[in-house]
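# Architecture and fold: a report
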Amino acid sequence: MLKHWRNLRRENDGFGHIVVLSKELWKNVRQRRISLRLKTGKRQLNIQPAVAKAMARQSKKYLMIKYHNTVSIFLRVNGENREVQVRPADTLLQVLRNHLGLTGAKAGCENGDCGACTVLLDGRPVKSCMILAVEAEGAEITTIEGISNTVVQRAFLDEAGYQCGFCTPGFIVNAFALLRAHPDPDKETIRMWLESNLCRCTGYEGIENAIQAAVKVLKSTNPKE
Amino acid sequence: MIPNNFTYYRPENLAEAMEAYTMAEKNGLRPLYLAGGTEITTFCRQGTIKPGALIDIKRISECRCFDEEGDEIIFGSALTLNEVVESNSYPLLARASRIVDHTVRNRLTLGGNIAGRLPYRETVLPFLLAEARVHLSGPDGERVVPILDVFSKRLKIEPGELLVQLLVSKAALSGSWYYRREVRKTRVDYPLLTACFLGINGSIRMAMTGAYGFPFRAREAEEVLNDSTIAPAEKPALALAAIPYSFSEDMRGSGSYRRMLLERSIAQALEKFKAGE
């Protein structure tokens, strides 16, 4: 059915996506013959980005994502696809905490300074208070909940790399990414990575000890972590 | 939380980006191009800016480009600063890109830093010194112009124009360089002074930010530094005297302190270039 791309027309699916549909495809969508999401009783269609891209390629036309008001998007969080209703102005931190119940990332300064909201985006640590949730669509998001029972987390427990604990999730996520990128980091590398996070209790010594302990464990066991 | 609503566009190519801009502008949405978003999300949260539309340029291949073409290296404007640091293809740029903290550098982009509203815009300094060219794309078409023609204290481009790429001649990459960044306390802080020097074709080029409240290429100072009739010991003070601006004064540092730091940096740079001869 994707071969029939004559009489292309634009439709707004009600979620803010602009999609390009042929009459043939639109007919099939209406009759629910194809595996696109359709809300019964309403002319609302939610096309996942991968499908939308395939459609765009088929049509040899461009297809630009446009979101306004509240939109439904899919985020891949800790290995699971999660559908959320968001405003384009919602930050990733807000959506993780308030929509998905993942409260490990903390709202500290919400200004990109403290690092308490650090999550991994495609394996790289980022501050989720400075990212729009819609920007994270299509990326692999890992929160502190997704890296529980890892060597790094155990090292923070064993070495008491925390005081009040508010900043700890951010530190653990960042340290996790650090040890993935640099399994045997020198002091300068550790310092460079961890200056992204602040501990207002100033428990930096315990945090540094925890990272050194994690490095030792990783060296001795050599797991892929 | 960002209180005001806006429309979010995610174009896949430049034509779509321009169409999104034109469409949003026509609807009175005051669109902004969004790259890393570190400044835009912060300013939106503070209510300093209230854009009606954001056009995310991170999926545009030209903006993510990092390539060689002829005798130039091309840096896409949506490359993150960590990507620039890790590539190390232009050592002075890699050094100048080590600003803010490591995690923020995973989002902060070259284009965002250069076109942003914060006064420092440190990553533009290596491009000013290398006399790079910039590829701009706007609703009325594309153009490639020398950065010195469109950057005077800040990037001055037409409404709707997007900084797509920065093109640096390979000849500039091999020049010897000196970099100095002075901060009040931690290195994550905004700079009191960032000074970059590039030795190329037997002469020294100098650009700085922080000291005077905006980034600029100090051509008047360069004339002093490259004047062989002036004694080396006198050059730092004379170079400062030649710069026609006033030093910044703020809670981070006084004007006289910044003056001292800059004079010392110039002296250190001259020492380095002299040793390298």
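Look up a bit, the structure's there.
Residues numbered from 1 in each chain as written. Chains lettered and ligands numbered in written order. Predicted model: local features only at pLDDT ≥ 70, side-chain atom pairs only at ≥ 80, totals over all residues. Heavy atoms only, no water.

## With respect to the interface of chain A and chain B
The interface of chain A with chain B comprises 36 residues on the first partner and 42 residues on the second. On the chain A side of the interface with chain B, the three residues burying the most area are M64, M130 and E135 of chain A, jointly 19% of the side's total. Linking R98 of chain B and E188 of chain A is a salt bridge whose minimum nitrogen-to-oxygen distance equals 3.9 Å. Between the two partners, chain A and chain B, sit 21 residue pairs in polar contact (both at pLDDT 80 or more). Elements with a contribution of two residues or more to the side of chain A that touches chain B: strand 5 (65-67), strand 8 (118-121), strand 9 (124-127) and helix 6 (187-194) of chain A. Grouping the constituent residues of the side of chain A that touches chain B by class yields 16 nonpolar, eight polar and 12 charged. Where strand 5 of chain A and strand 1 (residues 7-10) of chain B come together, three bridges link them in antiparallel fashion. Paired with I65 of chain A across the two strands is R10 of chain B, which belongs to strand 1 of chain B. (Contact = heavy atoms within 4.5 Å. Buried area = accessible area lost by both parts, 1.4 Å probe. Salt bridge = Lys/Arg side-chain N within 4 Å of Asp/Glu carboxyl O. Polar contact = N/O pair within 3.5 Å; in protein donor to acceptor, adjacent residues only side chain to side chain. Helix = DSSP H or I, 4+ residues; strand = E, 2+ residues; numbered from the N terminus. Nonpolar A, V, L, I, M, F, W, Y, C, P; charged D, E, K, R; others polar. Pairing = 2+ DSSP bridges.)

## Here's the deal with unusual backbone geometry
All names here are of chain A. Within the chain, T202 stands out as a residue other than glycine whose phi angle is a positive 60 degrees. Residue position: T202 is located in the loop between helix 6 and helix 7 (204-221). According to the relative accessible area criterion, T202 is exposed, its value standing at 54%. (Buried < 20%, exposed > 50% of the residue type's maximum accessible area, 1.4 Å probe, protein only.)

## Section: the pattern of salt bridges
In the structure shown here, the tally under the stated rule is 25 salt bridges over all chains. We note a salt bridge from K219 of chain A to D184 of chain A, for which the minimum N-O separation is 3.4 Å. With K219 of chain A in helix 7 and D184 of chain A in the loop between helix 5 (168-181) and helix 6, the pair connects residues that are 35 residues apart, well separated along the chain. One salt bridge in this structure joins R187 of chain B and E188 of chain A, with 3.2 Å as the shortest N-O distance. In this pair, R187 of chain B sits in the loop between strand 11 (176-183) and strand 12 (191-200) while E188 of chain A sits in helix 6, so the two residues belong to two different chains. If you follow the salt bridges from partner to partner, you end up with E131, R205, R217, R219 and E222 of chain B in one network.

## Let's talk about the pairing of strand 12 of chain B
Successive residues of a regular strand alternate their side chains across the two faces of the sheet. Residues and elements named next belong to chain B. Taken across its 10 residues, strand 12 has 10 buried, putting it largely inside the fold. As paired strands, strand 12 and strand 13 (residues 203-209) are joined by seven bridges and run antiparallel to one another. Looking at the pairing, G199 lines up with I204 of strand 13. Taking the residues between adjacent antiparallel strands as the criterion, strand 12 and strand 13 are bridged by two residues, where N201 takes a positive phi near 50 degrees.

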